[in-house]
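Chain by chain, the residues run as shown.
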Amino acid sequence: ESISPFYSMSTEVQYSPPWQDLSIIGIAGSSGSGKTSVAMEVVRSLNLPWVVILVMDSFYKTLSPEEHHRAHANDYDFDCPESIDFDLLVDTLRDLKKGKKANIPVYSFADHQRQPQTTTLYSPRVIILEGILALHDPRIVEMLDVKIFVEADMDVCLGRRILRDVRERGRDIEGIVKQWFDYVKPSYTRFVEPQRPISDIIIPRGIQNTTAIDMVVKHIQRKLQEKSEHHSEELRRLGLIAAKV
Ligand code: C5P
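Conventions and cut-offs
- Residues numbered from 1 in each chain as written.
- Predicted model: local features only at pLDDT ≥ 70, side-chain atom pairs only at ≥ 80, totals over all residues.
- Heavy atoms only, no water.
- Helix = DSSP H or I, 4+ residues; strand = E, 2+ residues; numbered from the N terminus.
- Buried < 20%, exposed > 50% of the residue type's maximum accessible area, 1.4 Å probe, protein only.
- Contact = heavy atoms within 4.5 Å.
- Phe/Tyr/Trp six-rings, centres within 6.5 Å; stacked < 30°, edge-to-face > 60°.
- Lys NZ or Arg CZ within 6 Å of the ring centre and 35° of its normal.
- Near = heavy atom within 4 Å.
- Areas by Shrake-Rupley, 256 points an atom, 1.4 Å probe, with all protein chains shown as cover.
- Salt bridge = Lys/Arg side-chain N within 4 Å of Asp/Glu carboxyl O.
- Axes fitted to C-alpha atoms, helices over the stretch in contact; angles between N-to-C directions.
- Parallel < 35°, antiparallel > 145°, perpendicular 65-115°, else oblique.
- Left-handed = near helix turned anticlockwise from the far one by under 90°.
- Core = buried A, V, L, I, M, F, W, Y, C linked by side-chain atoms within 4.5 Å.

## Side note on the environment of K223
Turning to step 1, where the next piece is worked out: Mapped onto the secondary structure, K223 falls in helix α7 (residues 210–237).
Turning to step 2, where the next piece is worked out: Given the relative accessible area of 31%, K223 is considered partly exposed.
Turning to step 3, where the next piece is worked out: Along the chain, K223 and K35 lie 188 residues apart, while their C-alpha atoms are 21 Å from each other.
Turning to step 4, where the next piece is worked out: Leaving out residues up to four positions away in the same chain, K223 has contacts with D145 and V146.

## Considering the packing of aromatic side chains
Turning to step 1, where the next piece is worked out: Under the criterion given, the structure shown has 4 aromatic pairs.
Turning to step 2, where the next piece is worked out: A ring pair is formed by Y60 and F78, whose centres lie 5.4 Å apart and whose planes are at 85°; its orientation type is edge-to-face. Of this pair, Y60 sits in the loop between β2 (51–55) and α2 (65–72) while F78 sits in the loop between α2 and α3 (86–97); the two residues are 18 residues apart in sequence, bridging distant segments of the chain. The same class applies to Y60 as to F78, namely buried.
Turning to step 3, where the next piece is worked out: Following the ring pairs from residue to residue traces out a cluster consisting of Y60, Y76, F78, Y107 and F109.
Turning to step 4, where the next piece is worked out: Sitting above the plane of the F109 ring, R169 keeps its charged end 3.5 Å from the centroid.

## Considerations on the site of the ligand
Turning to step 1, where the next piece is worked out: In the neighbourhood of the ligand, 16 residues make up the surrounding shell, with S31, K35, D79, H112 and R161 lying closest.
Turning to step 2, where the next piece is worked out: Contact with the protein chains removes 98% of the 470 Å² of surface that the ligand exposes when unbound.
Turning to step 3, where the next piece is worked out: Mapped by element, the contributors of at least two residues to the shell around the ligand are α5 (154–168) and α6 (173–192).

## Thoughts on the pattern of salt bridges
Turning to step 1, where the next piece is worked out: Applying the stated rule across the entire model yields 14 salt bridges.
Turning to step 2, where the next piece is worked out: In this structure, the salt-bridge partner of D75 is K178, at a minimum N-O distance of 4.0 Å. Of the two residues, D75 is situated in the loop between α2 and α3 and K178 in helix α6; the sequence distance between them amounts to 103 residues.
Turning to step 3, where the next piece is worked out: R139 is the partner of D137 in a salt bridge, and the nearest nitrogen-oxygen pair spans 2.8 Å.
Turning to step 4, where the next piece is worked out: Each of D75, K178 and D182 takes part in one network of salt bridges that share partners.

## A word on the packing of helix α1 (residues 35–46) against α7
Turning to step 1, where the next piece is worked out: For the pair α1 and α7, the least separation of the axes is 10 Å and the interaxial angle reads 55°. On the basis of the axis angle, α1 is oblique to α7. Of the two possible hands of crossing, α1 and α7 adopt the one that is right-handed. From α1, V38, E41, V42, S45 and L46 reach across to α7, where they touch I213, V216, V217, I220, Q221 and L224.

## A short note on the nonpolar core
Turning to step 1, where the next piece is worked out: By size, the foremost hydrophobic cluster in this structure holds 43 residues, and its most contacted members are L54, L89, L93 and L129.
Turning to step 2, where the next piece is worked out: If you list the elements that add at least two residues to this core, you get β1 (23–29), α3, β3 (102–108), β5 (126–130), α5 and α6.
Turning to step 3, where the next piece is worked out: Ranked by residue count, the leading element in this core is α6, at 6 residues.
Turning to step 4, where the next piece is worked out: L129 has contacts with I24, I25, G26, I27, L54, M56, L89, L93, A134 and I140, leaving out every residue within four places of it along the chain.
Turning to step 5, where the next piece is worked out: Listed in part, the 20 residues of the second largest apolar core include L46, I148, A212 and V217.

If you want it as structure tokens, here you go:
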């Protein structure tokens, strides 16, 4: 297939450039349900270039000094939608869809704040958006190609969270347990679980469920294939590549 030399000069025709084919896959589910492991396994199995994981933690709002103080006392609700800067996340995803680069904040769980440095994302082909509330905001849901909800027994979630928060997030067990019962669990019932019915695929038992992960990967591959066929058809329609023989 050869690209016509005139294609960048034509202004009349409706042509959607390849970056508009960016696919976004949302993975929601309880803290500790295994969202990150599922996302990593999907990336590994897809085995394509330009697949990135975008973690919603990067979009926590900046806290006031008073909120900061409460966060350090495990007395701040990081599990309700108000704690996340959805406007910034929506703008970031829209920019990426337009082919613009985006600067992603780097979040520190130990300090409860964004770090001065950012990571830059350039035109990825697939973004896996992972976060407890990945399917919450309708503006985001509208942009998603596949909506996944990862489920796990809540005792398993709490157990995983204790181990991870002690090892990786600089927390102590007492504080983790307090925050879990005061905020994480109530917000799960109020905001996280209600995303379940709007998901396309529910993965029970998270990462252990290799059958479900295989299905997810196949589903994503099919979606990507459909998009790339649509894109080639568009180019063909515009006479920018040779017609199929
Ligand atoms: O990785 P995971 O999905 O578990 O991350 C989300 C969790 O991180 C939320 O349940 C929230 O309670 C917790 N969190 C926190 N401290 C912050 C920001 C988020 O404990 N500063």
